Amino acid sequence: MQGTDRLSRKRRRKNTMAHMMFAVSALLSILVLIILLADLIRRGAPYLNEAFFKNFPSRFAAKSGILPAMVGSVWIILLTAVIAIPIAIAAALYLEEYAPRNRFTNFIKINIANLAGIPSIVYGIFGLTVFVRTLGFGRSILSGALTMALLVLPVIIVSSQEAIRAIPDSLRHGSYAMGATKWQTIRRIVLPSALPGILTGIILAISRALGESAPLLMVGAFSYVSALPSGPMDSFIVLPVQIYTWMSKPSADFKDVTAAAILVLIVLLLTLNLTAIILRNKFHKTFE
Amino acid sequence: MAHTVLSRRLMTLAVLAITLFTLFFAAAGAMAAPASLSGDIIIDGSSTVFPITEAVAEEFRMTHPDVNITIGISGTGGGFKKFLIGETDINDASRPIKDSEAEAAQAAGIEYVEIMIAYDGLSVLVNHDNDFVDYLTMEELNAIWKADSTVRTWKDVRPEWPDEVISLYGAGTDSGTFDYFTEEVNGESGSVRTDFTPSEDDNVLVLGIAGDKNALGFFGFSYYVENTDKLKVVKVDSGNGPVEPTFETIKDGTYSPLSRPLFLYVTKDALAREQVKAFVTYYLTEGKALIPQVGYVELEDALYEAELAKLN
C-alpha cells in the first residue's frame, strides 16, 4: 500500500510541476509583451499629442509627426483591399464551388497555400520589376498596393475557402430545392453565411499589409515626403518605414519618437485583430 | 422601400458635399500665392546624407509648400543605380561617383552636376572606460584593420598597452562610410579584415562600443556628437600630430584624411526644372546653416559660392 502511495505522490508532484511549467511559459510570453508595451508607453507617451498626428517629420524630435506616414498607410491599405478582396473571393468561390475535383485543382490549391509562405521581400522584388519598371507605374501607391495585394491574396483566398467549405451542404440543397440557380445560391446563401469567416481573413491580411515594410521599401516607399499623396500615382511613405527611418537617427530623442510611432502602429494592429476575433466568435455562434 | 429612398437621399447628400468640398479647395488653391513653385523633386541615395537633405527639405517646404520633395534611402550605390536610369532627379552621395557609374551615366545619356555640400568626419571610437588609448596613427589603424592583419590584442598595437583582445566594430560593407574608411586606412576600397562586427545601423555600433570595454570602431561624426557621454573619441595622427575630430578640425582640413566630403548629384535635365534649381540653390545658401544642426560640418563659404556657380 505504501508503495502505491509513494507512486501516487510522485505522480501528483509531476502533475504540479507540469502545471507550473506551463503557467510560467504562458506568463513569460505575456510578461515580455507587458514589458515591451510599458517601455514603449513610458518613452513614447510624452510625444503622443495632437501635433504628432498633424505634423510632417522634422529634424527636431519635438516637432516630428506621422501625418504623411498615416495617410500613406491608409492609402496603401485601402487600395490593397480594393484590388485583393474581389479577386480573392472570386478565386475562393471558383475553387470551392465550381472547380472540378481533379489534380489540376489540387495543384492550384497547393500552390496558393505555398504562396502564403513566401518571404515578403520576394514579392517586393517582383513588384519592383513588374509594376515599377515594366508596367511603368513608378514608385507610386499603385505599385505598392498591387505588390501588397499579391502578398495578401493567398491569405484571403485560403481563409475564404475555409469559410465557404464550412457551410453545410444542407443549406445549398435547400436553396436548390426552392428552384434557385447556382449563382443565386452562392449570392444569397453561401456568401452571406461565409461572410464573417471571409471578413476575418480580410482583416488579418490587412493587418499583415499594415505591418510590412520590406516589400514596400523594395517597390520604392520613400523615407521622407513633403506632400500628402492625393492619388494612386503619388509617392508615399508608410508607418513601418517611418519607424525604421526614425530608429536609425543618431539622436536619443528620436528613439522616443520611434516609440510613439510604434505605439500608434500597435494600437492599429490590435484594433484590427480584435475586430477579427469578434467576427470569428460571431461566426462560430451562427453554426452551433 | 423606405430604406432605398433614404439611401438615395444620403447618396445625393454625399455627392453634394463632395462637390462643395472640391469647389472650396479648388478656390482656396487658386487664391494661394501664384508665384509659388510646384512639381516633384525625387531624391534617393546615401543614408549619411539623408538627415541633411531631410532638414533642408523641411525648411524649403515652409516657403514652397506645393513642391513635393520625396527622399529615399537606398545607399549611395543603390541610389546611383536609380539615378543612372533616370528614376531620380538628385542622388545623395557619401562618396564621389565611381568610374563605372560615370560610364553607365554616359551610356544612358544622363548628364549630371556634382555638388559638394558638407563634410563628415569619420570618427574612431573606443569604450568610455578605455583610459589608455589616446591617439592612433594611420599606420596603427592600418595594422589593425588591414585584410591580413595579425593584430589581436591592444599589446600587438603598442607594447605598453594591455594584453587584451580588441573587439572591432565597423560600418557595413554596403555603406559609403565603409568604402571611404577602407580606402583611406587600407589603401583600397573594400579591403579589410573580416573578423569585425559590421552593421548598417550606426546606432547598433554605438551600443556595441558603449557596452564592450575592449571595443574599437568607426562611424560618422554625427553619431559621435549625439553620444559623447557614452563613447570616447580617438585622436588620429597622420604625421602632423594627433588631431581630434571636431567641427573646426573637420572644416579646416586638419582632421585628415578621415574627413570626407558629401555630395549631391543632380541631373542636368532636372536642373532645368525651376523647382529643382530653386531647391539646390536653397540647399547651398540658407540650407547650409542647418548642416551643423544635424551633426555634419559646413564647407567654407567660398566653396559654396563655387558650387553655386556650377548650377548655371
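So, how was this worked out
- The residue count restarts for each chain, going from 1 along the sequence in the order it is written.
- Both sets of labels track the order of writing: A upward for chains, 1 upward for ligands.
- For a predicted model such as this one, the threshold for reporting local features is a pLDDT of at least 70, and the threshold for listing and counting side-chain atom pairs is 80 or more; totals across whole chains, interfaces and linings nevertheless cover every residue.
- Side-chain measures were taken over the full set of non-hydrogen atoms in the model, leaving aside hydrogen atoms and water.
- What counts as a helix is a DSSP run of H or I of at least four residues, what counts as a strand is a run of E of at least two, and both are numbered from the N terminus.
- Each radius of gyration is computed over the set of C-alpha atoms, and the globule rule expresses the reference value as 2.2 Å times the number of residues to the power 0.38.
- The contact definition used throughout considers only heavy atoms, calling two residues in contact when any of these lie within 4.5 Å.
- Method for areas: the Shrake-Rupley scheme with a 1.4 Å probe, in which residue coverage is limited to the protein chains shown.
- For this count, His and the chain ends are skipped, Lys and Arg are scored as positive, and Asp and Glu as negative.
- Charged groups are reduced to one reference atom each: NZ for lysine, CZ for arginine, CG for aspartic acid, CD for glutamic acid.
- Each pair of aromatic rings taken from Phe, Tyr and Trp, with Trp reduced to its six-membered ring, is defined by centres within 6.5 Å and is described as stacked if the planes are under 30 degrees apart, edge-to-face if over 60, and tilted in the remaining cases.
- Accessible area is worked out with a 1.4 Å probe on protein chains only. A residue is then buried under 20% of its type maximum, exposed over 50%, and partly exposed in between.
- Any two strands with at least two DSSP-identified bridges between them are counted as paired.
- Axis angles are defined between N-to-C directions and span 0 to 180 degrees, where every axis is a line fitted to C-alpha atoms and, for a helix, only to the segment in contact.
- A simple way to read buried area is as the amount of 1.4 Å-probe accessible surface that goes missing from two parts once joined, with both sides added.
- Only one rule defines a salt bridge in this text: a Lys or Arg side-chain nitrogen within 4 Å of an Asp or Glu carboxyl oxygen.
- Distance and chemistry together define a polar contact, namely a pair of N or O atoms within 3.5 Å, with one atom able to donate a hydrogen and the other to accept it when in protein, and with adjacent residues in sequence counting only for side-chain atoms on both sides.
- Three categories are distinguished: nonpolar for Ala, Val, Leu, Ile, Met, Phe, Trp, Tyr, Cys and Pro, charged for Asp, Glu, Lys and Arg, and polar for the others, with Gly belonging to the last.
- Domain start and stop positions are those given by an automatic or database domain assignment.

Student: Kindly report on the overall build of chain A, identifying the contributing residues and their values.
Tutor: Counting its secondary structure elements, chain A contains 11 helices and 1 strand. Ordered by position in the sequence, the α and β elements of chain A form the string α-α-α-α-α-α-α-α-α-β-α-α. Taken over C-alpha atoms, the radius of gyration comes to 24 Å for chain A, far larger than the 19 Å a tight globule of 288 residues would show. Taking the principal axes of its C-alpha atoms as reference, chain A extends roughly 70 × 70 × 35 Å. A separation threshold of at least 6 residues defines the contact pool for chain A, and within that pool the share at least 24 residues apart is 73%. Counting every atom, chain A has about 15,400 Å² of accessible surface; 69% of that belongs to carbon and sulfur. With 28 positive and 12 negative side-chain charges, chain A shows a spacing of 6 Å between the two charge centroids.

Student: Which residues make up the packing of aromatic side chains, and what values do they have?
Tutor: Taken as a whole and assessed by the stated rule, the structure comprises 21 aromatic pairs over all chains. Relative to A:Phe131, the ring of A:Phe126 has its centre 6.1 Å away and its plane inclined at 85 degrees; by these criteria the two rings are edge-to-face. Judged by relative accessible area, which is 41%, A:Phe126 ranks as partly exposed. Judged by centre distance (5.7 Å) and plane angle (65 degrees), the rings of B:Tyr112 and B:Tyr265 are edge-to-face. Of this pair, B:Tyr112 sits in strand S4 (residues 112-121) while B:Tyr265 sits in strand S12 (residues 259-267); the two residues are 153 residues apart in sequence, bridging distant segments of the chain. Residue B:Tyr112 is classed as partly exposed on the basis of its relative accessible area, which comes to 24%. With a relative accessible area of 0%, B:Tyr265 lands in the buried category.

Student: Before we move on, could you go through the environment of B:Leu264 and cite the residues and values that matter?
Tutor: Residues and elements named next belong to chain B. With respect to the secondary-structure elements, Leu264 resides in strand S12. Taking the C-alpha atoms as reference points, Leu264 and Ile41, 223 residues apart in sequence, are found 13 Å from one another. Dropping the residues within four chain positions of it, Leu264 is found in contact with Thr53, Ile90, Asn91, Asp92, Val113, Glu114, Ile115, Ile117 and Tyr283.

Student: An account of the sheet that holds strand S1 (residues 39-45) of chain B is needed here, citing residue identities and associated values.
Tutor: The strands that make up a sheet pair up through hydrogen bonds in the backbone, lying either parallel or antiparallel. In space, the 6 strands of this open sheet follow the order S1(A)-S2(B)-S1(B)-S3(B)-S12(B)-S4(B), with mixed pairing throughout. Only two strands of the sheet have a single neighbouring strand rather than two, namely strand S1 (224-225) of chain A together with S4 of chain B. Summarising the sheet, S1(B) and strand S2 (residues 67-71) of chain B pair through 5 bridges and their orientation is parallel. Across the sheet, the residue bridging to B:Ile42 is B:Thr70, located in S2(B). Lying over the sheet, helix H2 (residues 50-63) of chain B contacts S1 of chain A together with S1, S2, strand S3 (90-93), S4 and S12 of chain B, oriented at roughly 165 degrees with respect to S2(B).

Student: Can you break down the interface of chain B and chain A residue by residue, with the values?
Tutor: Taken together, the 30 residues of chain B in the interface contact 24 residues of chain A. Where chain B abuts chain A, roughly 2,300 Å² becomes buried across the two surfaces, and 47% of that area is made up of carbon and sulfur atoms. A per-residue breakdown of the area chain B buries against chain A is headed by B:Glu54, B:Glu58 and B:Arg61, which together make up 24% of the total. In this assembly, chain B and chain A are joined by 5 salt bridges. For A:Lys249, the salt bridge identified is with B:Glu54, shortest N-O distance 2.4 Å. Our enumeration of links across chain B and chain A arrives at 16 residue pairs in polar contact (both at pLDDT 80 or more). Contributions of two or more residues to the side of chain B that touches chain A are made by S1, H2, S2 and helix H9 (221-225) of chain B. Among the elements that take part in the side of chain B that touches chain A, H2(B) stands out by supplying 7 residues, more than any other. Here the residues of the side of chain B that touches chain A are counted per class, giving 13 nonpolar, 8 polar and 9 charged.

Student: Any chance you could break down the domain arrangement of chain B for me, citing the residues and the numbers?
Tutor: Residues and elements named next belong to chain B. According to the domain assignment, chain B consists of domain 1 (39-119 + 261-309) and domain 2 (123-244). Here the C-alpha centre of domain 2 lies 29 Å away from the C-alpha centre of domain 1. Listed by partner, the interface residues are 8 residues for domain 1 and 5 residues for domain 2. Contact with domain 2 buries surface across domain 1, with Ser94, Arg95 and Gly295 losing the most and accounting together for 48% of the total. There are 1 salt bridge connecting domain 1 and domain 2. We note a salt bridge from Arg95 to Asp179, for which the minimum N-O separation is 3.7 Å. Between domain 1 and domain 2 we count 1 residue pair in polar contact (both at pLDDT 80 or more) in total. Across the side of domain 1 that touches domain 2, the residue classes tally to 3 nonpolar, 3 polar and 2 charged.

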